[in-house]
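Results of the structural survey
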Amino acid sequence: MPLPGPRLRVVLFTVVGAVSVAAVLSIVLAFAAPTLPRVSLSADSLAPRPIEQRTGEVVSHDYAQAWQDLALCLEENRTDLLDDYFTGEVKRRLAQRVRAQKASNLRTRYSDGGHKVKAVFYSADGGEMQLEDEAQLEVRVFDGDKLISTSTAKQKYLVLMTPGSDRWYVRFLQSVGDNAF
Amino acid sequence: MLLRILTSFCGLSFALLGAHSAAQEPAITAPKNVTAGTPFAISVVGQGKGTLYLFGPTQAIKREIEFGKDTPIAGSEASSAGIYQITVCAADCVTKVVEVQPAAPARLGFLLHPSRVPVSTPNAVNGTAIAFDQYNNIVITPSEITFRIAASGEKISEKTVRTVRGVAAFQMDSRPNQGTLEVTASLATASEPRVIQQVASEACGLRMTAAPSGATITLQTDPIRDCKGNPLPDGTIVSFIKVDGAGKSTVDTPIKKDRAIAQFSVSGPARISVACGVVLGNEITWGGR
């Protein structure tokens, strides 16, 4: 088979180089910015105030971001990850859980299969929004490096979110039984 | 014959394996539901020792336990409502789930909005109350929250709203008279008062008069009130606008004792108008023919 000419070689080299750089970049970006958990929000019978489309988008995004931070904080036992999307009681509770895990060398790993979220209350002044979340989660618990439990289940949460200057914060996140809603 | 021996061997192996698992796999006994803050016990059937793990919203407990004995869990270790996971490990690990439910309502979170509201405005006042137990868990079971409404110069009224998923909300019109509006939310022994200020609405029938004083003219409004007769608060800005040969000039002045006063020097004929917020008052032509 004859060797390609010098111009063709340059072109081939450039194309192969560009493809390689793109592949490496996409791998780096994939690791640098993990995808957010899937959150599908419905707000059909929301009262007493209807939700604006943009508000719905922001709430969905910020709730997904909160779950991403929660998963990372319980896996790496880092309370600093709670600063961005949690506030009030839930932040205090999660921080306490992280401290307790850290003290016993325990870790919890969440694999998030997505959240079916229904907005059920939005106050007239826009100051609070209550959500019902049906989350599909796989939870693995480790004692040191030893896996001690794995569970895959739908877990229901009652959530209270409040707006801040540029985002919505999770203020309450209470897991509830299957028959709660 | 060979088949029979093989079958017996397999059967025996499964039986032994089953017996082995039964011996190794601890069986957890714990209540399915517990009220927050209530102590309970976890016991594991069998003999020997193992490790108990308890994970809850605020807990991650690891404890060495003896099988066959009760392991007490203090009320303070299960005070946050939610789903708790109990895992017991010996050679193998087994898991059981316990739901910690909120205790009886004991306190209220209450927001009344806005802090200042114009009088006689429909649905302008809204309140949201959330029922909590003594451990800051949202009480999901329905309960009745009473809102006691006391407006200055009016009879006290009450409104009872049943909580849905822990939340009770109401909306109401602001009252016709300015002054404080106190709303107290009550549930069981908890009571949370909030006060907002009802202020006069927009000015109504804004009117000024002009009087010469040397080289200037003095402008003074009549007492400024809203359409219900409530005086606008001192400090509310009133704008006097003068257009004459020298051009246009504006003086902004606060209301003092129900009235606003301003002085202008005029050059030639002038038109003077007055405004307060979105309300325009009368117009005066000064020195015209």
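Keep in mind the model is a prediction, meaning the values are calculated, not measured.

A closer look at the overall build of chain B
Looking only at helices and strands, chain B has 1 helix and 23 strands in total. Its C-alpha atoms give chain B a radius of gyration of 37 Å, more than 25% over the compact-globule value 19 Å for 289 residues. C-alpha extents for chain B along the principal axes are approximately 135 × 45 × 35 Å. By the burial criterion, 40% of the 289 residues in chain B qualify as buried. A separation threshold of at least 6 residues defines the contact pool for chain B, and within that pool the share at least 24 residues apart is 53%.

Describing the packing of aromatic side chains
The tally for this structure, following the rule as stated, stands at 7 aromatic pairs over all chains. Here Y53(B) and F55(B) contribute two aromatic rings whose centre-to-centre distance is 6.3 Å and whose plane-to-plane angle is 5°, an arrangement assigned as stacked. Note on F55(B): relative accessible area 4%, which makes it buried. Seen from the ring of F142(A), R107(A) lies directly overhead, with NZ or CZ sitting 4.8 Å from the centre.

Quick look at the sheet that holds strand β12 (residues 144-151) of chain B
Residues and elements named next belong to chain B. With mixed pairing, 5 strands are arranged side by side in an open sheet as β10-β16-β15-β12-β13. Here the strands that pair on one side only, and so sit at the sheet edges, are β10 (116-118) and β13 (157-162). Geometrically, the sheet is characterised by an average inter-axis angle of 30° between neighbouring strands, direction not taken into account. Pairing geometry for β10 and strand β16 (residues 190-199), over 3 bridges, is parallel. What sits directly across from R116, in β16, is Q197.

Quick word on the pairing of strand β21 (residues 261-265) of chain B
Consecutive residues of a regular strand have side chains that alternate between opposite faces of the sheet. Residue and element names in this part refer to chain B. Along β21, the buried face is formed by A262 and F264; none of I261, Q263 and S265, which line the opposite face, is buried. Taken together, the 5 bridges between strand β18 (residues 216-221) and β21 define a ladder with antiparallel strand orientation. Bridged to I217 within β21 is F264.

Details of the environment of L158(A)
With respect to the element layout, L158(A) can be found in strand β4 (residues 146-163). Judged by its relative accessible area of 3%, L158(A) falls in the buried class. Taking the C-alpha atoms as reference points, L158(A) and D125(A), 33 residues apart in sequence, are found 21 Å from one another. With residues near it in sequence (within four places) discarded, L158(A) still touches Q130(A), L131(A), E132(A), F172(A), L173(A), Q174(A), V176(A), I138(B), I140(B) and R165(B).

Some thoughts on the domain arrangement of chain B
Domain assignment breaks chain B into domain 1 (23-101), domain 2 (107-199) and domain 3 (203-286). Centre-to-centre separation of domain 1 of chain B and domain 2 of chain B, based on C-alpha positions: 41 Å.

Notes on the nonpolar core
In terms of nonpolar packing, the biggest core is built from 43 residues, with Y63(A), V170(A) and L173(A) touching the most fellow members. The set of elements that each furnish at least two residues to this core consists of α2 (53-76), α3 (88-103), β2 (106-122), β3 (129-143), β4 and β5 (168-176) of chain A together with β4 (49-55) of chain B. Counting residues in hydrophobic clusters, the runner-up holds 23 residues, among them A124(B), V161(B), A168(B) and A185(B).

Brief notes about the interface of chain A and chain B
Tallying the contact residues gives 31 residues for chain A and 35 residues for chain B. Summed over both sides, the interface between chain A and chain B buries roughly 2,800 Å², with carbon and sulfur atoms accounting for 57% of that surface. Viewed at the interface, chain B and chain A are joined by 2 salt bridges. Here chain A and chain B share 14 residue pairs in polar contact (both at pLDDT 80 or more) between them. Listed by contribution, the elements that provide at least two residues to the side of chain A that touches chain B are α3, β2, β3, β4 and β5 of chain A. Considering each element in turn, the side of chain A that touches chain B owes the most residues, 7 residues, to α3(A).

Digging into the sheet that holds strand β1 (residues 39-42) of chain A
Residue and element names in this part refer to chain A. The strand order across the open sheet built from 5 strands is β1-β2-β3-β4-β5, with neighbouring strands paired in mixed fashion. Edge positions in the sheet fall to β1 and β5, since each of these pairs with one other strand and no more. Ignoring which end each strand starts from, the neighbouring axes of this sheet average 25° apart. Direction of pairing for β1 relative to β2: parallel, over a ladder of 4 bridges. Each bridged residue has a counterpart across the sheet, and for S40 the counterpart in β2 is K116. On top of the sheet, α2 reaches β1, β2, β3, β4 and β5; it is set at about 160° to β2, its chief contact. Against the sheet, α3 contacts β2 and β5, and its axis sits at roughly 65° relative to β5.

A few points about the state of the cysteines
Residue and element names in this part refer to chain B. Scanning the entire structure with this criterion turns up 2 disulfides over all chains. Between the sulfur atoms of C204 and its disulfide partner C227 the distance amounts to 2.0 Å. Residues C204 and C227 are joined through a disulfide that is right-handed, its torsion about the S-S bond being 90°. Note that C204 is positioned in the loop between β16 and β17 (208-213) and C227 in the loop between β18 and β19 (237-244), a separation of 23 residues in sequence. For C204, a relative accessible area of 34% translates into the label partly exposed. Disulfides within chain B link the bonded cysteines, taken in sequence order, as 1-2, 3-4.

Let's talk about unusual backbone geometry
Between A47(A) and the following residue, P48(A), the backbone shows a cis peptide bond with an omega angle of -5°. By the secondary structure assignment, P48(A) is in the loop between β1 and α2. Cis peptide bonds are those with omega within 30 degrees of zero, and the linkage from H113(B) to P114(B) qualifies with -5°. Within the chain, N105(A) stands out as a residue other than glycine whose phi angle is a positive 60°.

Some points on the side chain of S143(B)
Summarising the element assignment, S143(B) is placed in the loop between β11 (125-133) and β12. Not counting residues within four places of it along the chain, the set of residues in contact with S143(B) comprises P105(B), A131(B), V161(B), R162(B), T163(B) and L187(B).

Examining the pattern of salt bridges
Residues and elements named next belong to chain A. Enumeration over the complete set of coordinates arrives at 22 salt bridges over all chains. Between D80 and R78 there is a salt bridge, and its shortest N-O distance comes to 2.9 Å. Taking relative accessible area as the criterion, R78 reaches 32% and is therefore assigned partly exposed. It is possible to trace a salt-bridge network through shared partners that takes in E76, R78 and D80.

What counts and how
Residues numbered from 1 in each chain as written. Chains lettered and ligands numbered in written order. Predicted model: local features only at pLDDT ≥ 70, side-chain atom pairs only at ≥ 80, totals over all residues. Heavy atoms only, no water. Helix = DSSP H or I, 4+ residues; strand = E, 2+ residues; numbered from the N terminus. Rg over C-alpha atoms; globule rule 2.2 N^0.38 Å. Buried < 20%, exposed > 50% of the residue type's maximum accessible area, 1.4 Å probe, protein only. Contact = heavy atoms within 4.5 Å. Phe/Tyr/Trp six-rings, centres within 6.5 Å; stacked < 30°, edge-to-face > 60°. Lys NZ or Arg CZ within 6 Å of the ring centre and 35° of its normal. Pairing = 2+ DSSP bridges. Axes fitted to C-alpha atoms, helices over the stretch in contact; angles between N-to-C directions. Domains from an automatic or database assignment. Core = buried A, V, L, I, M, F, W, Y, C linked by side-chain atoms within 4.5 Å. Buried area = accessible area lost by both parts, 1.4 Å probe. Salt bridge = Lys/Arg side-chain N within 4 Å of Asp/Glu carboxyl O. Polar contact = N/O pair within 3.5 Å; in protein donor to acceptor, adjacent residues only side chain to side chain. Disulfide = S-S within 2.5 Å.

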